[in-house]
Structures are given as structure tokens and as C-alpha cells.
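# Structural description and commentary
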Amino acid sequence: MTTSLPARKDVDSQLTWDLDALFANQADFNRAIETVKELASDFSRIYQHQLKEIPVIIDALRDYANIQAILDRIEHFAFLPQAADTTDPEASARLNQVMDLEAVIGGELSFLDSDLQQLPDDTLKAVSKQAPEFASFLRHILTAKAHALDPAVEKALTQLNPTLNRFTQIRDQTIFGDMDFGEFTAHGKTYPLSFVLYEEEYQKHPDTEIRRAAYAQFNKTLRRYQSTMAATYYAQVSKEKTLATMRGYDSVIDYLLEEQEVPRALFDRQIDLIMSDLAPIMRRYVTYIKEQRGLDHIGYTDLQIDLDPDFAPEVTLASAQQTVSDTVAYLGEDYQKLIMRAFPERWVDFAQNEGKDSGAFATKPYGVHPYIMMSWSDTLPSLYTLIHELGHTGQMTLSEADNSVLGDMPSTYIVESPSTFNELLLTHHLVETATDPEMKQFARSRLLSDTYFHNFVTHLLEAAFQREVYRLIDNGESFDAAKLNQIKRQVLTDFWGDAVELEEGAELTWMRQSHYYMGLYSYTYSAGLTIATQAYLRTLKEGQPAINDWLQYLALGDQLEPIAAAKIAGVDITTDQPLKNTIAFLGETLDQIIEKKD
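Calculation criteria
- Residues numbered from 1 in each chain as written.
- Predicted model: local features only at pLDDT ≥ 70, side-chain atom pairs only at ≥ 80, totals over all residues.
- Heavy atoms only, no water.
- Pairing = 2+ DSSP bridges.
- Helix = DSSP H or I, 4+ residues; strand = E, 2+ residues; numbered from the N terminus.
- Contact = heavy atoms within 4.5 Å.
- Axes fitted to C-alpha atoms, helices over the stretch in contact; angles between N-to-C directions.
- Phe/Tyr/Trp six-rings, centres within 6.5 Å; stacked < 30°, edge-to-face > 60°.
- Buried < 20%, exposed > 50% of the residue type's maximum accessible area, 1.4 Å probe, protein only.
- Salt bridge = Lys/Arg side-chain N within 4 Å of Asp/Glu carboxyl O.
- Parallel < 35°, antiparallel > 145°, perpendicular 65-115°, else oblique.
- Left-handed = near helix turned anticlockwise from the far one by under 90°.
- Nonpolar A, V, L, I, M, F, W, Y, C, P; charged D, E, K, R; others polar.
- Lys, Arg positive; Asp, Glu negative; His and termini not counted.

With that settled, consider the sheet that holds strand 3 (residues 348-349). Reading across from one edge, 3-5-4 is the order of the three strands in this open sheet, with mixed pairing throughout. Both outer strands of the open sheet, strand 3 and strand 4 (361-363), are each paired with one neighbouring strand and no more. Bridge analysis of strand 3 against strand 5 (residues 371-373) gives two bridges, and the strand direction is parallel. Residue pairing in the sheet places Asp349 in a bridge with Met373 of strand 5. Contacting strand 4 and strand 5, helix 2 (residues 54-84) runs over the sheet at an angle of about 165° to strand 4. Each of strand 3, strand 4 and strand 5 touches helix 17 (residues 380-402); the most contacted strand, strand 4, lies at about 15° to it.

Pasting the structure below:
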């Protein structure tokens, strides 16, 4: 029987991340804040209205990069503890303090972008040539010139950032601080329920009665907060629409896509082609699961169950380390050594505790090792989550080695490719080392139900929902919880058709994701996985040359726009062929599962 989660203070410290690499104590953190305040004040005094000569511009960019690197460590020291326990008032207070600090410093330094945008394009290009480590930063400056506002307005917007970016925090506090999911009963027993327990355990539970009872109680709680959550989400998209209009964009979608440096056609294609071409494959898959499991129907709550619940190997943290090592060895000894540092250096927060944010993420403060947050259970899905996030850390570390803090992060359009590539490697390893047909079946089913379901279905359906919401806003319309429920149910119906019975509560799924507060992020999971799939298949065919190209791709950072970066990995995303090939690969994998091929 599932028990309640422990308080953060009661979990084993060896299961938590080591934040000492950021600051050894609060005193060091406080000194860093005073240092960065002084540096920002000096920067403004020295450089404001002085950015005319190329050597001065280069000096300014180097000093600015140093300030940003310190701020990056300060921010992580505040936000990581708060993510690990959203109910900790001290952590929340520290995060608010840092958000206010960033607003003040951001306002003080906002002149940099404005002053650079006043310079001739040739000057900025000359700086990029002489100091290529800042080329990507200046590329974005050049792009933003057409939509720049008056410097005083830009400064005011920067100073308002803590308020303008508060909606995601309100959403998190509502879910993890206010929602009480209570208990549910199945088989005559009572089980505790929380947001994290449902997301991490019950929605995949092999027992149908437990799974469906948990789902009913879960949605009962969500529904009580739907109006508050809808109002919070409306505030978020209304803010985005206002900023888009201020900067001269007719559509909030175009405004949000500019930072990703991809045309709208790629955004629409990713959604439309998956909705039309992948849907039949996934309907066939869930129908096969229904038949194999002997279910009366497949409901929305049944979509993430295992094909064979009796064959679900236990994966301990100790065994996971060896599997990770064996898996990533595919990319060479140097990459393997890099990834395996995560365990002795405690990059990962594995603990399950009360108040911990749901899901998982990876992040890297510049100049410090990466950090991963997840909630570990001794299951293969947890191993997939871990290998996914370690893919991010590999890219982050390799990129930082070759790039300034002002250009180490690639476009969000491709940022999910390293993580999903590693998931493909894990399935490859499991299939290749399997000693019995059941394990091969299980590994292939995880490819569909973990890697592609999560990235190509769950997040893609979020994107389809999100696009409809933005269309409403672009048309000058509004929405409430009832409208969001209607949109979400229609998107789910369009994809799943008659294969899935959308029980009451399926429409509330929009309340469960934080991605809606991150711009157009959801669709990039499938975009990244498309690149990853084609690059992975290329490595199987071509071997070391393709692996070398992939490692070069990982180290690019923001040096190239997404289309050019993908070409380094051997993938041409200007056409729909990579996406079609990826969908075909999924169809072939499903055939192998159904036909039980070796």
C-alpha cells in the first residue's frame, strides 16, 4: 500500500542534490549578491552611452557575461530548493528575493541591449567577427532591433519581470500548496493521494481498480480549482499578447516563435502532421493494449499502463548506474565519463517528498555542474526519466565548454533532442542485451509508451491545445475554465477518435502542465525527438562518423539557428521528411511488438 510522502527534512540526504557547488552557505550567497550589485552599478557607470568603439563593446560584453554567470549561480541557489519543496516558506522567500534582485539589476543593465540596437549592423557584425564567443548574442540583438521599444519602456518591462512572471508560481502554489487530494478507496482499502503520487505512480498503476479510482479522486480535486487556474492561465496569455502587440506582432504565436528562430510553418507542421499521421498508429497501439490486458475499454486514465504488468523489472538506483554507464558508452568514453560524474557529484535529486514539484528537469548554472530534479521509483520509467535528463546535462556541459554564458543554450526548438536521443540509446541497449523475448517486447513497448508517448503525444497534444488558445487571444476573444475544457476535450477527441473513451475529467488535463507558462515549449519535445530519431538511425547505419557529428551538434550551443544546427547532425528539417520517417519508424516498432519479432 502506498504511504504518504515524507517531509523534505526527513529524506536521506544522499538522495538529494549537493548545492554546495553553488555556495557553501548562506553567507557566501549573501556576499555574491552584494558583489553582483556592485558589478552592475559599475557596469552602468562605465558603459552606458559609451558603446561606440569595437574594443569597448567587447570589454562590455565580457563584463556583462561575468555578471550573468554570477546571477546564474544566485538564481539556482534560490530556485532549486524551492522546486524541491514548494511548501518551504524560507525557500519561497529566498526565491522572491532573487527575482526582485534580478529585476533591479536587469533594469539597471537594460541599456546594453538598447544601446547595441542603436549601432549600425556592420558594427555589430564586426564585433561578432572579432569576438565570436558573442556572435550568437549579437545575432539576437540584430533580430530584436525591428521590434525594440523605447529604452525607458524596455527598462520598465525588465523591472516588472517579477510581477509579469509570477503566474507560474501562482499555479505551482495552487497545486502543491493549496490542493488537498485526500484519499481514495479501492478493493476495500484506503490510499493517500497527492499530485505527485498520481503523476508518478497511480496513473501507471497496473491494478485497474486502483488506477481508475485514483483518477476519479484526482480530477474531483482539480475541478474545484479550475476557475482559479483558468484565471491564472488567462493572465499569462493576456500578458504575452500585450507584449506581442507592443512589439508590433499581429500574432502572439509569431512573437513567441521569434526567440526560437524558426518559421511558423515548422510549428504548424509539427502539430498537424502528428495529429493526422501518428494518431492511427497510437490508436492501434492502445487498442492492442486493451486486448492484451483484457480491459473492457481504454480510458484516458489507462493510456500509460504497461503492455505486460507481470513483466515490469525492478530497477534499483544501484543497477541504474550500471545501465546508464553501459548505455551512454555508445557515444564514446569521454561522453560516458562526463555523464557518470552525475552520481558521485550528486547532480540528481532523487528523493520523493512532500511539496516537491512534479515531473523532472535538468538545469546548469554556468561554471558549475548540472542539476537534475526527479522523483525516483525502482521502475524502468524512472530510468527513462533519468537517462532523458542526463542527455540534457551532457549537452549543457559540452556546450558550456565551447561557448560563453551569453550563447551556451541552443534554441528551445532543438533543446529536447539530446535528451530524447539518450532515451533511444537506452531502448537500443535494452533490446540488444535482452536474453529473452519478453524483455525485448517490454523495451519496445517502453519506446512507445515512454519516449514517444510522452514527447510525441502528451506534449504534442498540449501544443495543439495551446495553439487553439492563442488563436482565441489573437482574435480578441477570452476564455474561462469551461472554454479550456471544451478545447482540451476536442483536441483529445481529434487525436484518439473512438479508440479511447474520454471519461469525465480528461478535459481537465490542461491544469496539470507547467509548460503553458513557458511560451511555445510543448511542441518542441516532438521537434527535438524528430531530430534525435533521425540522428540515432543515422548512427546505426553509418557508425562513428555520425556519432562524431552528433557530439559536434551537442557542443554547438547557440552558435547556429535550428535549421543549420540540425544539418550538423545530418538532419534536414526544412522538409517534412524527417518527421514522416520518424512516424514510419514508430509504425515499424509497433509491428515488431504486435508480431512479437526478435
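Glancing now at the packing of aromatic side chains. Two measures describe an aromatic ring pair: the distance that separates the ring centres and the angle between the ring planes. Going through the model one piece at a time under the given rule, you end up with 36 aromatic pairs. A ring pair is formed by Phe176 and Phe195, whose centres lie 5.5 Å apart and whose planes are at 80°; its orientation type is edge-to-face. Of this pair, Phe176 sits in helix 9 (residues 167-178) while Phe195 sits in helix 10 (residues 195-200); the two residues are 19 residues apart in sequence, bridging distant segments of the chain. Look at Phe453 and Trp496: their rings are 6.0 Å apart centre to centre, the planes differ by 25°, and that puts the pair in the stacked class. Of this pair, Phe453 sits in helix 19 (residues 437-474) while Trp496 is found in helix 20 (residues 481-496), placing the two residues 43 residues apart along the sequence. When sorted by exposure, Phe453 lands in the same class as Trp496, which is buried. Put simply, the rings of Phe176, Phe181, Phe195, Tyr198, Tyr215 and Phe218 touch in pairs and so form one group of aromatic residues.

Before going further, it helps to spend a moment on the pattern of salt bridges. Under the counting rule described, the total for this entry stands at 32 salt bridges. Here Glu199 ties to Arg512 by a salt bridge, and the two come within 2.8 Å at their closest N and O atoms. Of this pair, Glu199 sits in helix 10 while Arg512 sits in the loop between helix 20 and helix 21 (524-542), and the two are 313 residues apart along the sequence. For the pair Glu199 and Arg512, one class covers both residues: buried. Across the pair Lys580 and Asp576 runs a salt bridge, and its minimum N-O distance is 3.5 Å. What you see here is one network of salt bridges that share partners, running through Asp254, Arg264, Asp268, Asp272 and Arg467.

Another point: helix 16 (residues 333-340). Count 3.6 residues to each turn of an α-helix, and residues three or four apart come out pointing the same way. Where helix 16 is concerned, the buried positions are Tyr335, Gln336, Leu338, Ile339 and Met340. The elements touched by buried residues of helix 16 are helix 15 (317-328), helix 17, helix 18 (417-433) and helix 22 (544-554).

In contact at an axis separation of 8 Å, helix 2 and helix 3 (residues 89-109) are set at 160° when each is read in the N-to-C sense. Comparing the axis directions of helix 2 and helix 3 gives the class roughly antiparallel. You can see that helix 2 and helix 3 cross each other, and the crossing is left-handed. On helix 3, the residues touching Tyr64, Ile67, Gln68, Leu71, Ile74, Glu75, Phe77, Ala78, Phe79, Pro81 and Gln82 of helix 2 are Ala91, Ser92, Arg94, Leu95, Val98, Leu101, Glu102, Ile105 and Leu109. For the contact of helix 2 with helix 3, the per-class residue count stands at 14 nonpolar, three polar and three charged.

The next subject is the side chain of Lys488. Relative to the elements of secondary structure, Lys488 occurs in helix 20. For the buried residue Lys488, which engages in no salt bridge, the nearest side chain bearing the opposite charge is Glu462, 6.3 Å off. Apart from residues lying up to four places away in sequence, Lys488 is in contact with Leu461, Glu462, Phe465, Ala506, Glu507, Thr509, Trp510 and Tyr516.

Turning our attention to the pairing of strand 1 (residues 183-186). Across the two faces of strand 1 the burial differs, with Phe184 and Ala186 buried and Glu183 and Thr185 not buried at all. Inspection of the sheet shows strand 1 paired to strand 2 (residues 189-192) by four bridges, in the antiparallel sense. Residue pairing across strands places Thr185 opposite Thr190, the latter belonging to strand 2.

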